[in-house]
Amino acid sequence: MILMENKSKLKIKSLKLKNFRNYGLLNLNFDDEANIFYGDNAQGKTNILEAVYISGTTKSHRSAKDRELIRFGNEESHIETVIEKKGINYQIDLHLKKNGPKGIAINKMPIRKASELFGIVNFVFFSPEDLNIIKNGPSERRRFIDLELSQLDKIYLSNLTNYNRIVNQRNHLLKQISFDNKKKFTDTLEIWELQLVQYGNRLIERRKQFVEDINRIVSSVHKKLTGNKEEIQIIYEPSNGNMTLEEAIKKNRERDIKIKSTSTGPHRDDICIKSGDLDIRRFGSQGQQRTAALSLKLSEIELVKRTIHDTPILLLDDVLSELDKHRQNYLLDSINDIQTLITCTGVEDFVNHRFSINKVFHVQNGQVAKEN
Ligand SMILES: Nc1ncnc2c1ncn2[C@@H]1O[C@H](COP(=O)(O)OP(=O)(O)OP(=O)(O)O)[C@@H](O)[C@H]1O
Ligand SMILES: [Mg+2]
């Protein structure tokens, strides 16, 4: 039974790169379990994870533009991956162009919309910056939710795209309004606001659901990580407070016209992370904040598992060196059943751990050598 499950779990089988970042040509086959990429700084480890992530989501985890991904001095870049999902292979091809939209194909059939890639593969990207999501500002916490929900829920992704467009349009309009022409623009403003409220409410509802789902998972993870010492609770904090979004938008309209920007809505919301009565964002120690962030990230993996009824592929970028032994072990133990691509500067982190390393790759100046 276990064997069958392993056989059918989601995995990336291979990656081919042409003129991507510091890679000229690269051809890699992955192991179904743990793959370790080690090497000195600036050799191309993160670039591999980035390419893999882009192949499934069409976007860079570090929000890089397509032209930045193309190897210096070239016009185009090509990423080819083979993903196995429920025993079926999907070849995903991405052509990134310096001056033009990217081309995407699934099993050699070009697709028109990036959203057609949706549902083939789920990645969880975990980098040292994720350990700061509690400490940093609300935008990082929104990004955490948005990135995950965009992979899990096609409708959310479409609502988010529409919502962001509407906020941009409203902001653009706010910039055109001055004291003399206010009346002229009010009708148009109201039309944007109506849509803003409509899409905004959908995002808020879905995010609240996400927070509820995470809450069901996170407390037991956090207890294990803290040796039963700490509790954790996540609370969604809408920027409209106790008002409805519609009321808040109306109430803030004058101010928005003054500051020429939309001050209320899901693009300004936050999540509060509490341990008992303590708001960890503001009053937690650095260690508490990082542990809470790790709990959140591990819960994200579990939530994806429950949602897609499969394991996501975990991309672990340089995280281990940021954690103490206890947390390292906990992390490695809890990802034993997942295909993982791990980057690190040295392999010594794994020596004393029962976590098995299946493939080790040495990354050096845009070249990758397999070691076993
Ligand atoms: N478009 C590009 N063309 C060519 N080289 C690039 C491009 N973009 C980034 N690079 C180079 O890729 C190199 C490797 O980057 P990468 O982030 O993968 O390093 P890394 O091995 O993860 O290092 P670290 O251990 O410091 O995280 C960098 O030196 C960078 O200059
Ligand atoms: Mg790196």
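Further up the page is the structure itself.
Please read all numbers here as calculations on a predicted model, not as lab measurements.

Engineer: Account for the nonpolar core, naming residues and giving values.
Structural biologist: Counting residues in each nonpolar core, the largest one holds 68 residues, and the members touching the most others are I234, L331 and I335. The dominant element in this core, judged by the number of residues it contributes, is helix α6 (residues 182-225), at 15 residues. Setting aside its immediate chain neighbours within four residues, I335 contacts I301, L314, L316, T340 and F355.

Engineer: Give me the site of ligand 1: which residues, what numbers.
Structural biologist: With respect to spatial proximity, 16 residues lie near ligand 1, and among them A42, K45, T46, N47 and I70 are the closest. Separating an oxygen atom of ligand 1 from a backbone N or O atom of Q43 is a distance of 3.1 Å. Between ligand 1 and E68, the relevant distance is 2.9 Å, taken from a nitrogen atom to a main-chain nitrogen or oxygen of the residue. About the coverage of ligand 1: the protein hides 74% of its 650 Å² of free accessible area. Of all the elements, helix α2 (residues 45-57) adds the most residues to the shell around ligand 1, at three residues.

Engineer: Which residues make up the packing of helix α10 (residues 286-308) against helix α11 (residues 325-334), and what are the values?
Structural biologist: Two elements in contact, α10 and α11, have axes whose closest approach is 12 Å; the angle formed by their N-to-C orientations is 5°. In this view, α10 runs roughly parallel relative to α11, as classed from their interaxial angle. Residues T291, L294 and L298 of α10 form the contact with α11, whose participating residues are R327, Y330, L331 and S334. Per-class residue counts for the contact of α10 with α11 are four nonpolar, two polar and one charged.

Engineer: I'd love a proper account of the pattern of salt bridges, names of residues and values included.
Structural biologist: The final tally for this structure, using the stated rule, is 29 salt bridges. Close ionic contact of D153 with R206 constitutes a salt bridge, the shortest N to O distance being 2.7 Å. Of this pair, D153 sits in the loop between α4 (138-152) and α5 (154-176) while R206 sits in helix α6, and the two are 53 residues apart along the sequence. Given the relative accessible area of 16%, D153 is considered buried. Exposure remark for R206: the relative accessible area of 22% places this residue in the partly exposed category. Put simply, D324 and R327 hold a salt bridge, and the shortest N to O gap is 2.8 Å. Exposure remark for D324: the relative accessible area of 40% places this residue in the partly exposed category. One network of salt bridges, with partners in common, ties together R141, E237, D270, D279, R281 and R282.

Engineer: Report on the pairing of strand β6 (residues 103-106), specifying residues and quantitative values.
Structural biologist: Direction of pairing for strand β5 (residues 88-97) relative to β6: antiparallel, over a ladder of four bridges. Each bridged residue has a counterpart across the sheet, and for H95 the counterpart in β6 is G103. The antiparallel hairpin formed by β5 and β6 contains five residues in its connecting segment, where G100 sits at a positive phi of about 155°. With three bridges joining them, β6 and strand β7 (residues 109-111) adopt antiparallel strand pairing. Each bridged residue has a counterpart across the sheet, and for A105 the counterpart in β7 is P110.

Engineer: I'd like a description of the packing of aromatic side chains, backed by residues and values.
Structural biologist: According to the stated counting rule, one finds five aromatic pairs in the structure shown. Considering the side-chain rings of Y53 and F123, the 6.1 Å spacing of their centres and the 40° angle between planes classify their relative orientation as tilted. Of this pair, Y53 sits in helix α2 while F123 sits in strand β8 (residues 123-126); the two residues are 70 residues apart in sequence, bridging distant segments of the chain. Pair check on accessibility: Y53 and F123 agree, each one buried. Measuring from ring centre to ring centre gives 6.1 Å for F144 and F210, while their planes differ by 70°; the resulting arrangement is edge-to-face. Here F210 lies in helix α6 and F144 lies in helix α4, a separation of 66 residues in the sequence. For the pair F144 and F210, one class covers both residues: buried.

Engineer: Could you give an account of the sheet that holds strand β4 (residues 76-85), with specific residues and numbers?
Structural biologist: Spatially, six strands are ordered β2-β1-β4-β5-β6-β7 in an open sheet, and the strand pairing comes out antiparallel. Among the strands making up the open sheet, the edge pair consists of β2 (23-29) and β7. For this sheet the average axis-to-axis angle between neighbouring strands, irrespective of direction, equals 20°. Here ten bridges tie β4 to β5, and the two strands are oriented antiparallel to one another. Bridging from a neighbouring strand, I79 pairs with L94 of β5. The strands that α2 touches are β1 (11-20), β2, β4 and β5; relative to β1, the one it contacts most, it runs at about 110°.

The rules behind the values
- Residues numbered from 1 in each chain as written.
- Chains lettered and ligands numbered in written order.
- Predicted model: local features only at pLDDT ≥ 70, side-chain atom pairs only at ≥ 80, totals over all residues.
- Heavy atoms only, no water.
- Core = buried A, V, L, I, M, F, W, Y, C linked by side-chain atoms within 4.5 Å.
- Buried < 20%, exposed > 50% of the residue type's maximum accessible area, 1.4 Å probe, protein only.
- Helix = DSSP H or I, 4+ residues; strand = E, 2+ residues; numbered from the N terminus.
- Contact = heavy atoms within 4.5 Å.
- Near = heavy atom within 4 Å.
- Polar contact = N/O pair within 3.5 Å; in protein donor to acceptor, adjacent residues only side chain to side chain.
- Areas by Shrake-Rupley, 256 points an atom, 1.4 Å probe, with all protein chains shown as cover.
- Axes fitted to C-alpha atoms, helices over the stretch in contact; angles between N-to-C directions.
- Parallel < 35°, antiparallel > 145°, perpendicular 65-115°, else oblique.
- Nonpolar A, V, L, I, M, F, W, Y, C, P; charged D, E, K, R; others polar.
- Salt bridge = Lys/Arg side-chain N within 4 Å of Asp/Glu carboxyl O.
- Pairing = 2+ DSSP bridges.
- Phe/Tyr/Trp six-rings, centres within 6.5 Å; stacked < 30°, edge-to-face > 60°.

The values are spatial; any link to function lies outside them.
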